[in-house]
Amino acid sequence: MNHAHENAMDELEKIVLHVIDREYADVIDNSLNIETKVISLAKAFRERLTSLIANWIRVGYCQGNFNSDNCAVGGFTLDYGPFGFCEAFDPVYQPWIGGGRHFSFFNQPAAAARNFAMFCKALQPLLKGDQHYLSELEEVQHGFADVIQTQLEKMWAAKLGLEHYNEALFSELISLMTLTTVDYTIFFRELSALPDNIGPLKKSFYGELNASEYGTKSANSNTQDLEQHWSAWLDKWHSLLDISDKNPTRSREAISSQMKQINPKYILREWQLVAAYKQAAECEYTLLRELQDVMTQPYAEQSKDIEEKYYRLMPTELSDIGGVSHYSCSS
């Protein structure tokens, strides 16, 4: 703050105290000194931010422009819009043209880490050069990676119905999902029924199976090879589910129910939103209200008509249309 004006420190302190009063009054003791409040604020914000990112990935949402000015200290995002849910799974899915891989779907934890580092840097002047507090703040910042990893592993275990995260199982699944091109939401919802074979999961597949990366020579052998890999993965997954009729919390019904509370059935799909807002532009709100009703209960099994209308893959004719499958800017 060498070039700051003479009241800059007072202003910074007032801003931080206002943030605490508005966003964290229930978790930070007002009687603490300012240095301790700063450390407590950093810890509390880290908890909210890591939870936010893990839950975005859980439901398939990509903010797409998660730089520091779109990262609110209260633990939410600014510049938010409904566009950004991943349909055809891609780890580097990015809804905005020009948004870059650094803000893509699976890179959101790294983007959040950069935002958190800038936040901690902004807090440093309030610690007045006290090495004890500066070291504590540095420890909080450097601990971000471990905290977000723990959040993500807990989330992935829950999405898969497991009691513990399994890195090998998860890595193989992401590889298969990418190679097959699955609908992120439909895949995990179908998996929540604990299928014994690949059949029900095919509802989430875009196009035909293609396993050319495995080096097979024909379309039929490609398909057979990839189906075998899926079957092998399902066998491994079932072996780790630890289904037991003797344990009520690990019965087949209990695991399926728990997974359905983690994996939504309905998301805001861009092509459905476009139809709704185009209709609304003509002062007709039927689709908008219907979509709103559906999305107020995204984990519920709804009517057959709603399922047929909203629980399905993006039509192929809409898969590469600007304003439907991708956008020029987040604003």
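This text gives an overview of the structure that appears in the document. Per chain, residues are indexed from 1 in the order of the written sequence. For this predicted model, a pLDDT threshold of at least 70 governs which residues receive local features, and a threshold of 80 or more governs which side-chain atom pairs are given and counted, while totals over whole chains, interfaces and linings are taken from all residues. Think of the side-chain values as coming from all heavy atoms in the structure, minus any hydrogens and water.

**Focus on the overall build of the protein**
Note the cut-off: Numbered from the N terminus, helices here are DSSP runs of H or I no shorter than four residues, and strands are runs of E no shorter than two. Relative accessibility thresholds used throughout: buried, under 20% of the residue-type maximum; exposed, over 50%; partly exposed, between the two (1.4 Å probe, protein chains only). Values of accessible area rely on a 1.4 Å probe in the Shrake-Rupley scheme; residue burial ignores everything except the protein chains shown.
Helix and strand content of the protein: 12 helices and 2 strands. Secondary structure elements of the protein, listed N to C terminal, follow the sequence α-α-β-β-α-α-α-α-α-α-α-α-α-α. The principal-axis extents of the C-alpha atoms in the protein amount to approximately 75 × 55 × 40 Å. With 331 residues in all, the protein has 46% of them scored as buried. Carbon and sulfur atoms make up 51% of the accessible area of the protein, which amounts to about 16900 Å² in all.

**Quick notes on the nonpolar core**
Quick note on the threshold: For the purposes of this section, nonpolar cores are sets of buried Ala, Val, Leu, Ile, Met, Phe, Trp, Tyr and Cys residues that join through side-chain atoms within 4.5 Å. Note on contacts: a residue pair is in contact if any heavy atoms of the two residues lie within 4.5 Å.
Phe-66, Met-177, Leu-191, Trp-230, Trp-233 and Trp-237 are the most contacted members of the largest nonpolar core, which totals 75 residues. Once you skip the residues sitting within four places of it in the chain, Phe-66 turns out to touch Leu-49, Leu-52, Ile-53, Trp-56, Cys-71, Thr-77, Phe-103, Ala-111, Ala-112 and Asn-115. Trp-96, Tyr-266, Ala-276 and Tyr-311 belong to the second-largest nonpolar core, a separate cluster that totals 12 residues.

**What about the pattern of salt bridges?**
Threshold: Each salt bridge in this description consists of a side-chain nitrogen of Lys or Arg and a carboxyl oxygen of Asp or Glu lying within 4 Å of one another.
The tally for this structure, following the rule as stated, stands at 14 salt bridges. Measuring nitrogen to oxygen at the nearest pair gives 3.0 Å for the salt bridge that ties Arg-22 to Glu-23. Residue classification places Arg-22 among the exposed residues on the basis of a relative accessible area of 53%. For Glu-23, a relative accessible area of 17% corresponds to the buried category.

**Looking at the layout of surface pockets**
Test applied: Here a cavity denotes a set of grid points, spaced 1 Å apart and computed over the protein atoms alone, in which a 1.4 Å probe fits but from which it cannot get out, and a pocket denotes an open set meeting protein on both sides within 12 Å along at least five of seven lines; residues with an atom within 4 Å of a point are reported as lining. Grid points are joined across faces, edges and corners, and a volume is the space filled by probe spheres set on the points. We call Asp, Glu, Lys and Arg charged. Ala, Val, Leu, Ile, Met, Phe, Trp, Tyr, Cys and Pro are nonpolar, and the rest, Gly among them, are polar.
The calculated volume of the second largest pocket comes to roughly 240 Å³. Around the second largest pocket sit 14 residues that line it, and Val-59, Tyr-61, Tyr-80, Phe-85 and Ile-267 are the ones nearest its centre. Its residues assigned to classes, the lining of the second largest pocket shows 12 nonpolar, 1 polar and 1 charged.

**As for unusual backbone geometry**
Trans peptide bonds make up most of the peptide bonds, and negative phi angles are found at most residues other than glycine. The phi torsion at Thr-181 lies on the positive side, around 65 degrees, for a residue other than glycine. Relative to the helices and strands, Thr-181 resides in the loop between helix H6 (167-180) and helix H7 (184-191). On the basis of relative accessible area, Thr-181 is assigned to the partly exposed category, the value being 29%. Even without being glycine, Cys-283 reaches a positive phi, approximately 65 degrees. With respect to the helices and strands, Cys-283 occurs in the loop between helix H10 (270-280) and helix H11 (286-295). Taking relative accessible area as the criterion, Cys-283 reaches 60% and is therefore assigned exposed.

**Focus: the packing of helix H2 (residues 34-59) against helix H4 (residues 131-142)**
Quick reminder of the rule: In this analysis, axes come from line fits to C-alpha atoms, helices being fitted only over the stretch in contact, and the angle between any two N-to-C directions falls in the range 0 to 180 degrees. Any angle that is under 35 degrees is reported as roughly parallel, and any over 145 degrees as roughly antiparallel; angles of 65 to 115 degrees are reported as roughly perpendicular and all others as oblique.
Across the interface, H2 lies against H4 with an axial gap of 10 Å and an inter-helix angle of 0 degrees. The angle between H2 and H4 places the two elements in the roughly parallel class. The segment H2 lies against H4, with Glu-35, Thr-36, Ile-39, Ala-42, Lys-43 and Arg-46 engaging Tyr-133, Glu-136, Leu-137, Glu-139 and Val-140. For the contact of H2 with H4, the class distribution of residues is 5 nonpolar, 1 polar and 5 charged.

**Overview of the packing of aromatic side chains**
The criterion, for reference: Here a pair means two rings of Phe, Tyr or Trp (six-membered ring of Trp) with centres within 6.5 Å. Their orientation is stacked below 30 degrees between planes, edge-to-face above 60, and tilted elsewhere. To sit over a ring, a charge needs its Lys NZ or Arg CZ within 6 Å of the ring centre and within 35 degrees of the ring normal.
Applying the stated criterion across every chain, the model contains 23 aromatic pairs. Judged by centre distance (6.3 Å) and plane angle (80 degrees), the ring pair of Trp-230 and Trp-233 falls under edge-to-face. One end of the pair is Trp-230 and the other is Trp-233, both in helix H8 (residues 219-241) and 3 residues apart, which spans about a single turn. Across this residue pair, the class does not change: Trp-230 and Trp-233 are buried. For the cation-ring pair, Lys-159 lies above Phe-188, with the distance from its terminal atom to the ring centre recorded as 4.2 Å. The ring of Tyr-311 carries Lys-265 above its face, with NZ or CZ at 4.6 Å from the centroid.

**Some words on the side chain of Thr-180**
Let me state the cut-off plainly: Any N or O atom pair separated by 3.5 Å or less is treated as a polar contact, with the protein-specific requirement of one donor-capable and one acceptor-capable atom, and with residues adjacent in sequence counted only for side-chain atom pairs.
Topologically, Thr-180 is positioned in helix H6. For Thr-180, a relative accessible area of 3% gives the class buried. Among the polar contacts made by the side chain of Thr-180, one reaches the main-chain carbonyl oxygen of Leu-176 at a distance of 2.7 Å. In terms of polar contacts, Thr-180 uses its side chain to reach the side chain of Trp-230, at 2.9 Å.

**Re empty space enclosed by the protein**
By rolling a water-sized probe across the atoms, one finds the places where empty space is left. On inspection of all chains with the given rule, the structure shows 1 cavity of 30 Å³ or more. Put simply, the largest cavity is a space of about 30 Å³. Lining the largest cavity we find Arg-58, Val-59, Lys-159, Tyr-184, Thr-185, Phe-188, Asn-263 and Pro-264. A per-element tally of the lining of the largest cavity places H7 first, with 3 residues. Class assignment for the residues of the lining of the largest cavity results in 4 nonpolar, 2 polar and 2 charged.

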